Amino acid sequence: MREISYNDAINEALSEEMSRDDAVFLMGEGVHSPAALVDRFGTERVRTTPISENGFGGTAVGAAVVGLRPVVEFRNAAFLLSGFDQIVSNAAKLRYMSGGQLTIPVVFMLSFSSGLRRGAQHSFNPLSWFANCPGLKIVVPSTAYDAKGLLKTAIRDNNPVIYMRQGMVATTRGEVPRKDYTIPFGSAEIRREGVDVTILATLNSVSMSLAVAEKLAKQGISAEVVDPRSLVPLDKKKILSSVEKTGRLVVVDESYETAGLASALAAIVAEEGFQYLKCPIKRVSTLDVPFPYSPPLEDYMLPTPEKITKAVRETFNTKSR
Amino acid sequence: MKVVMSSLSRGKLLEFYRKMLLMRRFDEKAGELIADGEPIYETHPVMGQEAVPVGVCAHLERGDYIVPNYRNHGHCIAMGMNVKGMMAELYGKSGGVCKGKGGPMHMADMSKGVLPGIGIVGGTIPPAVGVALAAKMKQTDRVSVCFFGDGATSIGAFHEGLNLASLWSLPVIFVCENNQYASRDPLELTSPVKDVATRASAYAIRKRTAGGNDVSEVYKAAGESIRDARKGKGPTLLEFKTFLTAPHSLNPVMYENVPKAELAKWKKKDPVQLLRGRLVKANLLTRQADEQLIAEVANQIEDAYTFARKSPYPSPKEVLEDLYA
Ligand SMILES: Cc1ncc(C[n+]2csc(CCOP(=O)(O)OP(=O)(O)O)c2C)c(N)n1
Ligand SMILES: [Mg+2]
């Protein structure tokens, strides 16, 4: 099959969805470049905004309430902090507080950079914050194939969706069909089958965990790698059945250790799948400090193959039940 | 003044008067119920400002939308929302307009063009810009109106919203209900700009300032702004000078500390009394008809109260409904 870049997969999804449905349009800073989408759809539907995240984030909410389907390009998730009010207080809540009278079909596209030496203020991962905003859906595409399929589903969904990319992942390439396809939310993907331990990983941690699993295989440990693909809704069933099979769980996610996503995912399995577990769950998260600029410092705080390997090994070293 | 009065039909003026009476009685009743210890919580009255929502919303048609703030009873009644559903919403009952999920601040009725009231200061502004963007992109002549107070002119959303609306020449009317105070803070303590409308020049948009207690004056200023928006002439920042003659919030009772003399001065310009006086003077309303109207409105509010009392609370399980579409 044809291989394209992650970003091209996104542009293909945007282009296909904008041709399919006149209500879909793109807005954000710098969206006029590259010019392909503007050339095809014009500046009305590929709308460059001033630097006003709260202004255009909220504008998208209003437009969505009355029937358009905006896709908002925020680029760096850190910039969205200036627009947090409109996402949290309006996008996530208006439908609920109206008693279900309206829908808000809007996609907020964000990326976060870690490991790219961008320093404290440009490396910000708000996934666990958004996971605390009921009313939002959250997708975490880790391959070019998912980037296209999940974006199409997000655009067609009638709820606000946080579409989270990661700098490292966005530079990858992968097989992407030319045809129209969607990926349902709440369907985790088994990236690699295994029987001894489940590694539940998101975004950049997926490919890292796959590489670790290959190495472990040579040492006789068969790891299963599960990518949830959407965090809200979450495919609990597939996650639990993987743990039922393997009896061991390592959760790898780049949100912070304290009250991060790995904690939340581990808690679900501890509560609903305790009977399957042979040993305590291990988490590999980001250490609780702002992102330092210096490469060895940043590398030390993030999940690494070594940390994942160590965590997996520990699940075998702790005395099994 | 005469000119304005005569441009409005008797029927229209009486309709305005009835709506203003309804708003007044709604707030009075809410205050009475709260004072009696009824389970009604954070509720913001509109007393003294009723002319603004009435005069503005009178120009709106089907397909237009408003984005109210938390001081929303006036906006809701002006748009023709049912006071039964509103009263039940104050209680969080299942007969409420939002089935109890919104409460006093967030009442909504999309079928009447009313988005949920927004509780975050300035939060009404960007969504109204978006509603107007949709109207423009769909090539309709629909407009959107957002309401906010003087305090909201200091928050980023106001500046970002005006800038965007001007840049894209959108059919949105930014209505500032300048009641001179934000909770307990007088505008001069928080803003270097006394006339809110002055802010418009920074964004190259049209501005209008008018008295907010005379419904005819409100109607006229809003009419011009809304017509401009419908004709594709872009947004207006429309400032109405008015005054809140009740506390900021009824429950908990907050900030009754405005200077007594200032309050007394504004009470003399009470919008309901002002309109009543004019109608009587112009022989458009007899004392008898006035009494009858007041009694009808009082009955309507009593019926709403009875409805709200009788309406059951939602079943607790409903808490999980209405989140996702
Ligand atoms: C962002 C934000 N900050 C503070 C508050 C608390 N608050 C609620 S109403 C209010 C006063 C707002 O005054 P103004 O905008 O003049 O409107 P008014 O209440 O006078 O109609 C404040 C400070 C809030 N709701 N939102
Ligand atoms: Mg005020």
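In this text, all values refer to a predicted model and were calculated from it rather than measured experimentally.

Caption draft 1: Layout of the overall build of chain A. Within chain A, the regular secondary structure consists of 14 helices and 14 strands. A compact globule built from 321 residues would reach a C-alpha radius of gyration of about 20 Å, and chain A, at 20 Å, matches this within 12%. Along the longest, intermediate and shortest principal axes, the C-alpha atoms of chain A span 60 × 45 × 40 Å. Counting only residues that meet the buried cut, chain A has 61% of its 321 residues in that class. When contacts within chain A are restricted to residue pairs at least 6 apart in sequence, long-range pairs at least 24 apart make up 78% of them.

Caption draft 2: Main features of the site of ligand 1. All names here are of chain B. Around ligand 1, 15 residues are found, and the nearest of them are Y70, R71, G151, N179 and Y181. In this structure, A152 approaches ligand 1 through a main-chain N or O atom, which is 3.2 Å from an oxygen atom. Backbone polar atom of Y181 to an oxygen atom of ligand 1: 2.9 Å apart, as the coordinates give it. Burial of ligand 1 by the surrounding chains reaches 71%, relative to a free accessible area of 580 Å². Residue classes in the shell around ligand 1 are distributed as seven nonpolar, six polar and two charged.

Caption draft 3: Geometry of the domain arrangement of chain A. Residues and elements named next belong to chain A. Structurally, chain A comprises domain 1 (3–175) and domain 2 (189–317). Summarising the inter-unit geometry, the C-alpha centres of domain 1 and domain 2 are found 26 Å apart. Every contact between the two is made by 26 residues of domain 1 and, on the other side, 22 residues of domain 2. Here domain 1 meets domain 2 over a buried area of about 2,100 Å², counting both sides, of which 59% is carbon and sulfur. For the pair domain 1 and domain 2, the number of links is four salt bridges. Where D146 meets R229, a salt bridge forms, and the shortest distance between an N and an O atom there is 3.1 Å. Summed over the shared surface of domain 1 and domain 2, the number is 15 residue pairs in polar contact (both at pLDDT 80 or more). Taken together, the elements giving at least two residues each to the side of domain 1 that touches domain 2 come down to α6 (119–122), α7 (127–130), β6 (137–139), α8 (144–156), β7 (161–166) and α9 (167–170).

Caption draft 4: Representation of the packing of aromatic side chains within the structure. Scanning the model with the defined rule gives 10 aromatic pairs over all chains in all. With a centroid separation of 4.5 Å and 15 degrees between ring planes, the pair formed by Y145(A) and Y181(A) is classed as stacked. Taken together, the residues Y145(A) in helix α8 and Y181(A) in the loop between β8 (173–175) and β9 (189–192) connect sequence positions 36 residues apart. Accessibility expressed as a relative area gives 32% for Y145(A), which makes it partly exposed. Here the aromatic rings of F16(B) and Y219(B) are separated by 5.5 Å at their centres, their planes lie at 50 degrees, and the arrangement is tilted. Taken together, the positions of F16(B) in helix α2 (residues 10–35) and Y219(B) in helix α9 (residues 215–230) put the pair 203 residues apart, joining distant regions of the chain. By relative accessible area, Y219(B) is classed as buried at 17%. By way of ring pairs, the aromatic residues F84(A), F124(A), W129(A) and F130(A) are connected into one cluster. Positioned above the aromatic ring of Y305(B), the side-chain terminus of K29(B) is 4.4 Å from the ring centre.

Caption draft 5: Region of the structure containing the sheet that holds strand β12 (residues 230–232) of chain A. Residue and element names in this part refer to chain A. Pairing within the open sheet is mixed, and its seven strands lie in the order β3-β2-β4-β5-β7-β6-β12. In this open sheet, the two strands that pair with only one neighbour each are β3 (46–48) and β12. Here the average twist between neighbouring strands, direction ignored, is 20 degrees. Pairing analysis gives five bridges linking strand β2 (residues 24–28) to strand β4 (residues 69–76), with the strands arranged parallel. The residue of β4 that forms the bridge with M27 is V72. Sitting on the sheet, helix α2 (residues 36–45) touches β2 and β3, and the angle it makes with β3 is about 60 degrees.

Caption draft 6: Fine view of the packing of helix α5 (residues 83–91) of chain B against helix α12 (residues 287–310) of chain B. Residue and element names in this part refer to chain B. Direction vectors running N to C along α5 and α12 enclose 45 degrees, while the axes themselves pass 8 Å from each other. On the basis of the axis angle, α5 is oblique to α12. Crossing of α5 against α12: the hand is right-handed. Each of V83, K84, G85, M87, A88 and Y91 in α5 lies in contact with α12, whose residues at this interface are Q300, I301, D303, A304, Y305, F307, A308 and R309.

Caption draft 7: Quick peek at α5(B). All names here are of chain B. With eight of nine residues buried, α5 lies mostly within the body of the structure. Buried positions along α5 lie against α2, α4 (73–78) and α12. In this structure N82 caps α5, since a side-chain oxygen of it lies 2.8 Å from the backbone nitrogen of K84. Remark: G92 follows α5 within two positions and exhibits a positive phi of approximately 75 degrees.

Caption draft 8: Here's a closer look at the interface of chain A and chain B. Listed per partner, the contact involves 42 residues of chain A and 37 residues of chain B. Summing the contributions of chain A and of chain B, the shared interface buries around 3,200 Å²; its carbon and sulfur component is 67%. It is V66(A), Y96(A) and M97(A) that lose the most area in chain A upon contact with chain B, and together they represent 22% of the buried surface on that side. For the interface between chain A and chain B, the tally reads zero salt bridges. At the junction of chain A with chain B, the criterion picks out 17 residue pairs in polar contact (both at pLDDT 80 or more). Going through the elements one at a time, β2, α2, β3, α3 (53–65), α4 (84–91) and α5 (94–97) of chain A are the ones with two or more residues in the side of chain A that touches chain B. Here the element with the most residues in the side of chain A that touches chain B is α3(A); it accounts for nine residues. Taken together, the residues of the side of chain A that touches chain B break down into 15 nonpolar, 20 polar and seven charged.

Caption draft 9: Seen up close, the pattern of salt bridges. All names here are of chain A. The final tally for this structure, using the stated rule, is 46 salt bridges over all chains. For R165, the salt bridge is made with E73, and the minimal N-O distance between the two is 2.8 Å. Of this pair, R165 sits in strand β7 while E73 is found in strand β4, placing the two residues 92 residues apart along the sequence. The exposure classification of R165 matches that of E73, with both residues buried. Two residues, D180 and R156, come together in a salt bridge whose shortest N-O distance is 3.0 Å. A residue pair is termed long-range when its members are at least 10 positions apart, and D180 in the loop between β8 and β9 and R156 in helix α8 qualify at 24 residues. Judged by its relative accessible area of 46%, D180 falls in the partly exposed class. Overall, R156 belongs to the partly exposed group, its relative accessible area being 31%.

Thresholds applied
- Along each chain, the written sequence defines residue order, and numbers are assigned to residues from 1.
- Both sets of labels track the order of writing: A upward for chains, 1 upward for ligands.
- Given that the model is predicted, a residue must reach a pLDDT of at least 70 before its local features are reported, and side-chain atom pairs must reach 80 or more before they are shown or counted; all residues, however, enter totals for whole chains, interfaces and linings.
- Computation of side-chain values covers all heavy atoms of the structure but excludes hydrogens and water.
- Going along the chain from the N terminus, every DSSP run of H or I of four or more residues is numbered as a helix, and every run of E of two or more is numbered as a strand.
- Just to be clear, the radius of gyration here is over C-alpha atoms, and the globule rule we use is 2.2 Å times residues to the power 0.38.
- Any residue under 20% of the maximum accessible area for its type is buried, any over 50% is exposed, and the rest in between are partly exposed; the area is computed with a 1.4 Å probe on protein chains only.
- Any two residues whose heavy atoms approach within 4.5 Å at even a single point are treated as in contact.
- Nearness is judged by heavy atoms alone; a residue qualifies as near a molecule or strand once a single heavy atom is within 4 Å of it.
- Two N or O atoms form a polar contact when they lie within 3.5 Å of each other; inside protein one atom must be a possible hydrogen donor and the other a possible acceptor, and for residues adjacent in sequence the pair counts only when both atoms belong to side chains.
- Note on areas: Shrake-Rupley with a 1.4 Å probe; residue coverage comes only from the protein chains shown.
- Three residue categories are used. Nonpolar comprises Ala, Val, Leu, Ile, Met, Phe, Trp, Tyr, Cys and Pro, charged comprises Asp, Glu, Lys and Arg, and polar comprises the others, including Gly.
- Where each domain begins and ends follows an automated or database-derived domain assignment.
- For any pair of parts, buried area is found by adding up, for both, the accessible area (1.4 Å probe) each one loses once the two are put together.
- When a carboxyl oxygen of Asp or Glu lies within 4 Å of a side-chain nitrogen of Lys or Arg, that pair is called a salt bridge.
- By convention, a stacked pair of Phe, Tyr or Trp rings (six-membered ring in the case of Trp) has centres within 6.5 Å and planes under 30 degrees apart, an edge-to-face pair has planes over 60 apart, and any other such pair is tilted.
- The rule for a charge over a ring is simple: NZ of Lys or CZ of Arg within 6 Å of the ring centre, and within 35 degrees of the ring normal.
- For two strands to be treated as a pair, DSSP must find no fewer than two bridges joining them.
- Each axis is a line fitted through C-alpha atoms, taken for helices only over the stretch in contact, and angles between the N-to-C directions span 0 to 180 degrees.
- Should an angle fall under 35 degrees it is called roughly parallel, over 145 degrees roughly antiparallel, and 65 to 115 degrees roughly perpendicular, with every other angle called oblique.
- Rotating anticlockwise by less than a right angle from the far helix to the near helix defines a left-handed crossing, while the corresponding clockwise rotation defines a right-handed one.

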